[in-house]
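# Report on the structure
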Amino acid sequence: MKVKILEWKSFATWHWDLATSADDSGYVEELCGICRVSFDGTCPNCKYPGDDCPIVLGSGCTHNFHLHCILKWLEQESSKGLCPMCRQIFTFKEPEQTSDVLINLKTLIDGHRVMRERFQQGNEQEFEAFGADQDLQMA
Amino acid sequence: MSRVKRIAKELEECRQDSQSGVILKLNNENDLTHLTGYFKGPPGTPYQGGVFQVNIDIPNEYPFKPPQMKFTTKIYHPNISSVTGAICLDILKDAWTPILTLKSSLISLQSLLQSPEPNDPQDAEVAKHYLSNKAGFEETAAYWTKLYASPEDGGEFGSVQVSDSALYGIDDEIVGQFENMGFPRDKTIEVLRRMGVKSFKGVGNKPELENKILEELLKECQ
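Bear in mind the structure is a predicted one, so any value in this text is a computation, not a measurement.

Rules of the game
- Residues numbered from 1 in each chain as written.
- Chains lettered and ligands numbered in written order.
- Predicted model: local features only at pLDDT ≥ 70, side-chain atom pairs only at ≥ 80, totals over all residues.
- Heavy atoms only, no water.
- UniProt positions renumbered as here; feature names shortened; annotations may be inferred.
- Helix = DSSP H or I, 4+ residues; strand = E, 2+ residues; numbered from the N terminus.
- Buried < 20%, exposed > 50% of the residue type's maximum accessible area, 1.4 Å probe, protein only.
- Contact = heavy atoms within 4.5 Å.
- Pairing = 2+ DSSP bridges.
- Axes fitted to C-alpha atoms, helices over the stretch in contact; angles between N-to-C directions.
- Salt bridge = Lys/Arg side-chain N within 4 Å of Asp/Glu carboxyl O.
- Buried area = accessible area lost by both parts, 1.4 Å probe.
- Nonpolar A, V, L, I, M, F, W, Y, C, P; charged D, E, K, R; others polar.
- pLDDT = per-residue confidence, 0-100.

Attention now goes to the UniProt feature "domain: RING-type" (unreviewed entry) in chain A. Residues annotated by UniProt as "domain: RING-type" (unreviewed entry) correspond here to residues 43–87 of chain A. Spanning residues 43–87 of chain A, this segment combines 20% helix with 13% strand, and its end C-alpha atoms are found 22 Å apart.

Below is the structure:
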């Protein structure tokens, strides 16, 4: 039998290659925990999924988010630079090409680190001052 | 606006989930930022059998800032103000993270009813009652549940006469004692509440305490 193809339409699907969804049995749709939209969709402020609204992979923990969502969270002082899921200090896997938004993310994470260090130092100083005070009394 | 989409999603999710026992309702169909949550008192606690109503206001920065929640149902609990319904719970304050949802927050409130933290109180009077006399506290909490949190069609509560002394966990006997001396009932309860006296049980020096109460009452009734 000879078949003559007159017309054909092609389809393609895509999804983000996330470390945690490496399940051979099939692809499980995962949601960004912050905006509750699928990773393959966009964060609430973007129109086009994919490269315009990328995903960030947590490297300390394995929790992933839309880049724009985690940025907004880390902009909050109350976030203390922690992952929303597990409250570990949030760090991320750097992809090969960097963008401005990624640099922003890095700056935010560094900012939180500085704040933490300053806070820790402050505590130590207070402790030392307290110790000195005691010495004085002893003398 | 980002929060509107998320709230709509959360509402839909909660509507489909009949397992959680948590109900979310919009106060006004056109406004996604003012909601009311309902859940049942956990079994095995004085709150069992009650349905508790929580007022939810969602800030502009949601989900990056926590929703503001407070009880509209009056409740007797160390971490909830018995007057305003304000709640002391870390995840509604500095431990909030955006992965928490309205549903999970309400479930946390439900578990707060199960495990009070009297050492970090919102209502000091209630916390004191809890720490000094747990059985008495539970009786009062159960009484409040019956009085304020019972479903209206339950019938159980319609006929209950409000007892002002039971409301504050004060032994009716003491109130009666001073009432017999001629002090007005409301003043007696007010003074006993202020002094934190609930009952004479376990009081070492009863006459001394009686005298103190008398003194206060005399001052009050001058």
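Residues and elements named next belong to chain B. Mapped onto this numbering, the UniProt entry annotates "active site" (unreviewed entry) at Cys88. Note that Cys88 resides in the loop between strand S4 (68–71) and helix H2 (102–114). By relative accessible area, which is 17% here, Cys88 ends up buried. Setting aside anything within four residues of it in sequence, one finds Cys88 in contact with Asn79, Lys93, Leu112, Asp120 and Gln122.

As a further point, take the sheet that holds S4(B). All names here are of chain B. Judged by pairing direction, the sheet is antiparallel, and its four strands sit side by side in the order S1-S2-S3-S4 without closing on themselves. Of all the strands in the sheet, just strand S1 (23–28) and S4 have a single pairing partner and so form its edges. The sheet shows a mean angle of 30 degrees between the axes of neighbouring strands, taken without regard to direction. Examined bridge by bridge, strand S3 (residues 51–57) and S4 share four bridges and lie antiparallel to one another. Considered in S4, the bridge of Ile56 is made with Met69. Against the sheet, helix H1 (residues 2–16) engages S1 and strand S2 (31–40), with an angle of about 30 degrees to S2.

Attention now moves to the environment of A:Lys93. All names here are of chain A. Take Lys93: it is sitting in the loop between helix H1 (67–75) and helix H2 (100–138). For the pair Lys93 and Gln125, spaced 32 residues apart in sequence, the C-alpha to C-alpha distance is 35 Å. Aside from chain neighbours lying at most four places away, what touches Lys93 is Leu57, Gly58 and Ser59.

With that settled, the discussion passes to the pattern of salt bridges. Taken as a whole and assessed by the stated rule, the structure comprises 16 salt bridges over all chains. Here A:Glu117 ties to A:Arg113 by a salt bridge, and the two come within 3.7 Å at their closest N and O atoms. Taken together, the positions of A:Glu117 and A:Arg113, both in helix H2 and four residues apart, correspond to about one turn of that helix. Judged by its relative accessible area of 42%, A:Glu117 falls in the partly exposed class. With a relative accessible area of 40%, A:Arg113 lands in the partly exposed category. Among the ionic pairs, B:Glu10 bridges to B:Arg6, the shortest N-O distance being 2.9 Å.

Bringing the UniProt feature "domain: UBC core" (unreviewed entry) in chain B into the picture now. Taken from the UniProt record, the annotation "domain: UBC core" (unreviewed entry) applies to residues 2–150 of chain B. Counting secondary structure, residues 2–150 of chain B comes out at 35% helix and 18% strand; the distance between its end C-alpha atoms is 37 Å.

Residue-level contacts link 16 residues of chain A with 16 residues of chain B. Summing both partners gives a buried area of about 1500 Å² for chain A against chain B, and 59% of it is carried by carbon and sulfur. Of all residues in chain A, the largest losses of buried area upon contact with chain B belong to A:Arg36, A:Trp73 and A:Arg87, amounting jointly to 36% of the total for that side. Inspection of the chain A/chain B interface yields one salt bridge. Among the ionic pairs, A:Arg36 bridges to B:Glu13, the shortest N-O distance being 3.8 Å. Its residues placed into classes, the side of chain A that touches chain B shows eight nonpolar, four polar and four charged.

Another point: the confidence of the model for chain A. In the predicted model, chain A carries a mean pLDDT of 82, and the fraction of residues at 70 or more is 82%. For chain A, the element scoring lowest by mean pLDDT is H2(A), at 76; H1(A) scores highest, at 92.

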